[in-house]
Amino acid sequence: EEITKILCIIDTNTFQVLSSGSAHSLSGLYPRVALLNHNCVPNSRLIFRADYSLQVRASVDIKKGSSVFISYTPPFFSLLARMNILQRGKQFLCSCDRCSDPTELGTFLSSIRCLKCL
């Protein structure tokens, strides 16, 4: 039971790393980056380097004292897809502004388009 708990913690805090020239993916543990919180409208992004190091870069100006957020999911995934990834891979459900808004901040990304309106 203790080993399972430890493995779940490690799995939750690792990042998928694509290995150059290989069909295999790796899991990388970046302890400081793992401390960053998730938001579906992040203010920073992750950059994986060829040497497997990871850089966090601001994508907008971040005021001093504000939190730095990254997204654990791809930006163009629907609400259901993001929730599935977060629940299965990170063990939580997101309640950020985007996920709490039925229009996804006006993007209507998860909406179904009416076939009569095409």
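Further up the page is the structure itself.
Every value quoted in this text rests on a predicted model; they were computed, and no experiment measured them.

Student: Go over the overall build of the protein chain with me, naming the residues and quoting the values.
Tutor: When helices and strands are counted, the protein chain shows three helices and six strands. Going residue by residue from the N terminus, the α and β elements of the protein chain occur as α-β-β-β-β-β-β-α-α. A total of 118 residues make up the protein chain; the buried ones form 24% of that total. Across the protein chain, the fraction of contacts at a sequence separation of at least 24, relative to all contacts at a separation of at least 6, is 45%. As presented, the protein chain carries roughly 9,000 Å² of accessible surface, and 58% of it is formed by carbon and sulfur atoms.

Student: If you had to explain the pairing of strand E1 (residues 14–18) to someone new, which residues and values would you point to?
Tutor: As paired strands, E1 and strand E2 (residues 25–29) are joined by five bridges and run antiparallel to one another. Looking across to E2, one finds that Leu18 is bridged to Ser25. Between the end of E1 and the start of E2, which pair antiparallel, lie six residues, with Gly21 showing a positive phi angle near 75 degrees.

Thresholds, definitions, all that
Residues numbered from 1 in each chain as written. Predicted model: local features only at pLDDT ≥ 70, side-chain atom pairs only at ≥ 80, totals over all residues. Heavy atoms only, no water. Helix = DSSP H or I, 4+ residues; strand = E, 2+ residues; numbered from the N terminus. Buried < 20%, exposed > 50% of the residue type's maximum accessible area, 1.4 Å probe, protein only. Contact = heavy atoms within 4.5 Å. Areas by Shrake-Rupley, 256 points an atom, 1.4 Å probe, with all protein chains shown as cover. Pairing = 2+ DSSP bridges.

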